[in-house]
Amino acid sequence: QVQLVESGGGSVQAGGSLRLSCTASVSTYSTYNMGWFRQAPGKEREGVAAIIRGGNSTFYADSVKGRFTISRNNAKNTLYLQMNSLKPEDTAMYYCAANSRSRYIPLDPRQYAYWGQGTQVTVSS
């Protein structure tokens, strides 16, 4: 069992920044691939960013490339998403998730077994 807890969401104006954090309870956190996903009301959940277990490879949705940065601190069992130049279309519930597969599609939410409770991000124009 892996417990994930997100924090850092809130309301900001367009062009602003937020940093989301996700802390995992499991001691083997460093063995998991991690990802950030988001879901707006009435829309399907989509992948935002992902990072492999060692932290040396990252993946981003085209809509956030150049604006968002995913990182991890394995010593602290923590995942981060730095969000800059936020746009109203970034408004959604953001979730962190954990995956243990060595061969997978990084931004496919169906391939992640463990999920946090979500943190709301609202961007006003």
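The structure contained in this document is the topic of the report that follows.

Cut-off values and rules
Counting restarts for each chain, with residues numbered from 1 along the sequence as it is written. Note on the predicted model: pLDDT of at least 70 is required for a residue's local features to be given, and 80 or more for side-chain atom pairs to be given and counted; whole-chain, interface and lining totals, by contrast, use all residues. In computing side-chain properties, one takes all heavy atoms of the structure into account and sets aside hydrogens as well as water. Segments assigned H or I by DSSP are reported as helices when at least four residues long, segments assigned E as strands when at least two residues long, and all are numbered from the N terminus. Atoms considered for the radius of gyration are the C-alpha atoms alone. The globule rule reads 2.2 Å times the number of residues to the power 0.38. What makes two residues a contact is simply this: any of their non-hydrogen atoms within 4.5 Å. Only the protein chains shown count as covering a residue, and every accessible area follows the Shrake-Rupley method with a 1.4 Å probe. For this count, His and the chain ends are skipped, Lys and Arg are scored as positive, and Asp and Glu as negative. Positions of charges follow a simple convention, taking NZ of Lys, CZ of Arg, CG of Asp or CD of Glu. For Phe, Tyr and Trp, where Trp contributes only its six-membered ring, two rings pair if their centres lie within 6.5 Å, and the inter-plane angle classes them as stacked under 30 degrees, edge-to-face over 60, or tilted in between. Working rule: Lys NZ or Arg CZ, within 6 Å of ring centre, within 35 degrees of ring normal, means a charge sits over the ring. What makes two strands pair is DSSP finding at least two bridges between them. Helix axes are fitted only over the stretch in contact, all axes being lines through C-alpha atoms; the angle between N-to-C directions runs from 0 to 180 degrees. Whenever a pair of cysteine sulfur atoms sits within 2.5 Å, that pair is classed as a disulfide. Remark: exposure states derive from per-residue accessible area (1.4 Å probe, protein chains only) relative to the maximum for the residue type, with buried under 20%, exposed over 50%, and partly exposed in between.

### Notes on the overall build of the protein
Then comes step 1: Helices and strands together make up the secondary structure of the protein, namely zero helices and eleven strands.
Then comes step 2: Mapped in sequence order, the helices and strands of the protein form the string β-β-β-β-β-β-β-β-β-β-β.
Then comes step 3: At 13 Å, the protein has a C-alpha radius of gyration in line with the 14 Å of a compact globule built from 125 residues.
Then comes step 4: Taking all contacts inside the protein whose residues are at least 6 apart in sequence as the whole, residues at least 24 apart take part in 60%.
Then comes step 5: When the accessible area of the protein is evaluated, it comes to approximately 6400 Å², of which 46% is carbon and sulfur surface.
Then comes step 6: Of the side chains in the protein, 13 bear a positive and 7 a negative charge, and the two mean positions are spaced by 8 Å.

### Quick word on the environment of S125
Then comes step 1: Mapped onto the elements, S125 comes out in the segment after β11 (119-124).
Then comes step 2: Sequence separation between S125 and S71 is 54 residues; the distance between their C-alpha atoms is 27 Å.
Then comes step 3: Ignoring sequence-local partners within four residues, the contact set of S125 consists of A14 and P88.

### Digging into the packing of aromatic side chains
Then comes step 1: For the structure shown, the criterion picks out six aromatic pairs.
Then comes step 2: An aromatic cluster is built from F37, Y95, Y104, Y112 and W115, whose rings are joined through pairwise contacts.
Then comes step 3: When the ring centre of Y95 is taken as origin, the NZ or CZ atom of R45, which lies over that ring, is 4.0 Å away.

### Focus on the sheet that holds strand β1 (residues 4-7)
Then comes step 1: A sheet is described by the order of its strands in space; here four strands give the open sequence β1-β3-β8-β7, paired in antiparallel fashion. If you trace the sheet from one side to the other, it starts and ends with β1 and β7 (68-73), each paired once. The mean inter-strand angle of the sheet, taken between neighbouring strand axes irrespective of direction, is 15 degrees.
Then comes step 2: With six bridges connecting them, strand β3 (residues 18-24) and strand β8 (residues 78-83) associate as antiparallel partners. Directly across from T23, in β8, lies its bridge partner T78.

### Topic: the state of the cysteines
Then comes step 1: All told, the structure shown has one disulfide when counted by the stated rule.
Then comes step 2: Linked covalently through their sulfurs, C22 and C96 form a disulfide whose S-S length is 2.0 Å. Between C22 and C96, the disulfide has an S-S torsion of 50 degrees and is therefore right-handed. Of this pair, C22 sits in strand β3 while C96 sits in strand β9 (residues 92-99); the two residues are 74 residues apart in sequence, bridging distant segments of the chain.
Then comes step 3: For C96, a relative accessible area of 0% translates into the label buried.

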